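# Report on the structure
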Amino acid sequence: MRCRVCRQPAVIDIRRHNANFCTEHFLKLCRDQVAKAIGEFDMIDPSDRVLVAVSGGKDSLALWDLLLDLGYQVDGLYLGLGIGDYSHASRDHARAFAQQRQAKLVEVDLPTDYGYDIPTGAKAARRVPCSACGLSKRHLFDRAALEGGYDVVATGHNLDDEAAVLFGNVLRWHTEYLGRQLPVLPAANGFPRKVKPLVRLGEREMAAYCVMRGIDYIVEECPMAVGNKHLGYKDALNAIEVTSPGSKHDFYFGFLSRAAERFRSQATAEQAELHPCPSCGAPTTADTCAFCRLVVRAGGQAPVPVQLSTGPR
Amino acid sequence: MKVLLRNPRREIEVSGAMQVSTLLARLDINRESVLVIRDGTLVAGDGWLGEGDDVEIRPVISGGS
């Protein structure tokens, strides 16, 4: 295999591009694709202060690295989830990257700052762990961005993530979710602007980017995510991708260009019902926001070990 | 060659030199879901792996959404 650009030996093939790349030109491709996504969807202005949600995994660390290299003003936010050794290791990877790049890492710790961890919160709220985790992350990323004076929250959702979420939403026709599954959600109604600059890159590419850049990320999967629906959707899409390269890209970008607008009214209707949570001030359609309800339910509960919370979902 | 697999972490022995694509097919692993790494460097699908190599097959699929 030869690099499409320079004809030197290639180290990675990207079948949906029908192309191979050497290290130098693969890294350039990643930067170009992120710059293209940011420009195409008007994600970030050069004057913006950006807060990257950092998990210690490949996507968020690669995103932080790419945005720094593209010249944006970017700080990281790490949220400690209290998932045993996995959380400790994740935090260490995030801290090491911040130190290596001399970048600012803001840290919030669920057990210390809010009195619960994900295993305990999930059981108390009768949610699956990934649901309690996602709820906590969305709320606290928004809060940290608003309180810290950031213009935009950037997350490491890549093409595979978006295609898998789209697949799940279409399977069950969650039309209100389809209406807001966009690479940019503008600031509105108490929410900060949220952007996904990695939507043009697959997760195999993000892992390769980290290996080539020497970024030490946590390779192990979250013990609470094992067997979740999202992973099943990814497996199904990858089985299709093997025989039909480019399917994930066409599925997601076809949705954005030809279908997303049709569901916009569903999301807009929900937005109209938002009002500030009386407890924390965050926008909600309920009497009290889901995060505050989670904190109340989880408070004072006996800690749930990580291994007892895993299982089919 | 020694092959490191993840999730769960384990090591297996595979005999004979072969191309990356052959190794993945033999282990029934979807090439879209992994990277193959030798000495900290990626090895492309048509790259050859030697009998004495230490190889990592690293999954790239994350479960969060």
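Notes on the structure follow.

Cut-off values and rules
- Residues numbered from 1 in each chain as written.
- Chains lettered and ligands numbered in written order.
- Predicted model: local features only at pLDDT ≥ 70, side-chain atom pairs only at ≥ 80, totals over all residues.
- Helix = DSSP H or I, 4+ residues; strand = E, 2+ residues; numbered from the N terminus.
- Rg over C-alpha atoms; globule rule 2.2 N^0.38 Å.
- Contact = placed C-beta atoms within 7 Å.
- Pairing = 2+ DSSP bridges.
- Axes fitted to C-alpha atoms, helices over the stretch in contact; angles between N-to-C directions.
- Core = buried A, V, L, I, M, F, W, Y, C linked by C-beta atoms within 7 Å.
- Buried ≥ 20, exposed ≤ 12 C-beta atoms within 10 Å, placed from the backbone.
- Parallel < 35°, antiparallel > 145°, perpendicular 65-115°, else oblique.
- Nonpolar A, V, L, I, M, F, W, Y, C, P; charged D, E, K, R; others polar.

## Examining the overall build of chain B
Helices and strands together make up the secondary structure of chain B, namely one helix and seven strands. Reading chain B from its N end, one meets helices and strands in the order β-β-β-α-β-β-β-β. Over its C-alpha atoms chain B spans a radius of gyration of 11 Å, differing by no more than 12% from the 11 Å that the globule rule assigns to 65 residues. For chain B, long-range pairs separated by at least 24 residues make up 57% of all intrachain contacts whose partners lie at least 6 apart in sequence.

## Section: the sheet that holds strand E7 (residues 184-185) of chain A
All names here are of chain A. Pairing is mixed in the open sheet, where six strands are placed in the order E5-E4-E3-E6-E8-E7. Because the sheet does not close on itself, it has two edges, and the strands there are strand E5 (105-109) and E7. Two elements, strand E3 (residues 49-54) and strand E4 (residues 73-80), share six bridges in a ladder whose sense is parallel. Residue pairing for E4: valine 50 is matched across the bridge by valine 74. Most of the contacts of helix H6 (residues 129-148) go to E3, to which it runs at about 155 degrees, and overall it touches E3, E4, E5 and strand E6 (152-154).

## A look at the nonpolar core
Residues and elements named next belong to chain A. Core analysis: the largest hydrophobic core is formed by 97 residues, its most contacted members being Val50, Val52, Leu67, Leu77, Ala208 and Cys210. Per-element tally for this core: the top contributor is helix H9 (residues 203-213), with seven residues. With near-sequence residues (within four places) excluded, leucine 67 lies in contact with Val50, Val52, Tyr72, Val74, Ala154 and Pro197.

## A word on the environment of leucine 237 of chain A
Residue and element names in this part refer to chain A. By the element assignment, leucine 237 lies in helix H10 (residues 229-243). Classification of leucine 237 by C-beta neighbours within 10 Å gives partly exposed; the count is 19. Between the alpha carbons of leucine 237 and phenylalanine 141 there is a distance of 29 Å; along the sequence they are 96 residues apart. Those residues in contact with leucine 237 that sit more than four places away from it in its chain are Ala163, Ala164, Phe167 and Lys248.

## A look at the packing of helix H7 (residues 159-171) of chain A against H10 of chain A
All names here are of chain A. Between H7 and H10, the shortest axis-to-axis distance is 9 Å and the interhelical angle comes to 105 degrees. With respect to H10, the axis of H7 lies roughly perpendicular. Here Asp160, Ala163, Ala164, Phe167 and Gly168 of H7 lie close against H10, whose contacting residues are Lys229, His230, Tyr233, Lys234 and Leu237. Classifying every residue of the contact of H7 with H10 by side-chain character gives five nonpolar, two polar and three charged.

## What to know about helix H5 (residues 118-125) of chain A
All names here are of chain A. Within H5, eight of the eight residues are buried, which leaves it mostly tucked inside the rest of the structure. Turning to H5, its buried residues number three or more, namely Ile118, Pro119, Thr120, Gly121, Ala122, Lys123, Ala124 and Ala125. At its buried positions, H5 is contacted by H6 and helix H13 (290-298). At the exit of H5 stands arginine 126, carrying a positive phi of roughly 55 degrees.

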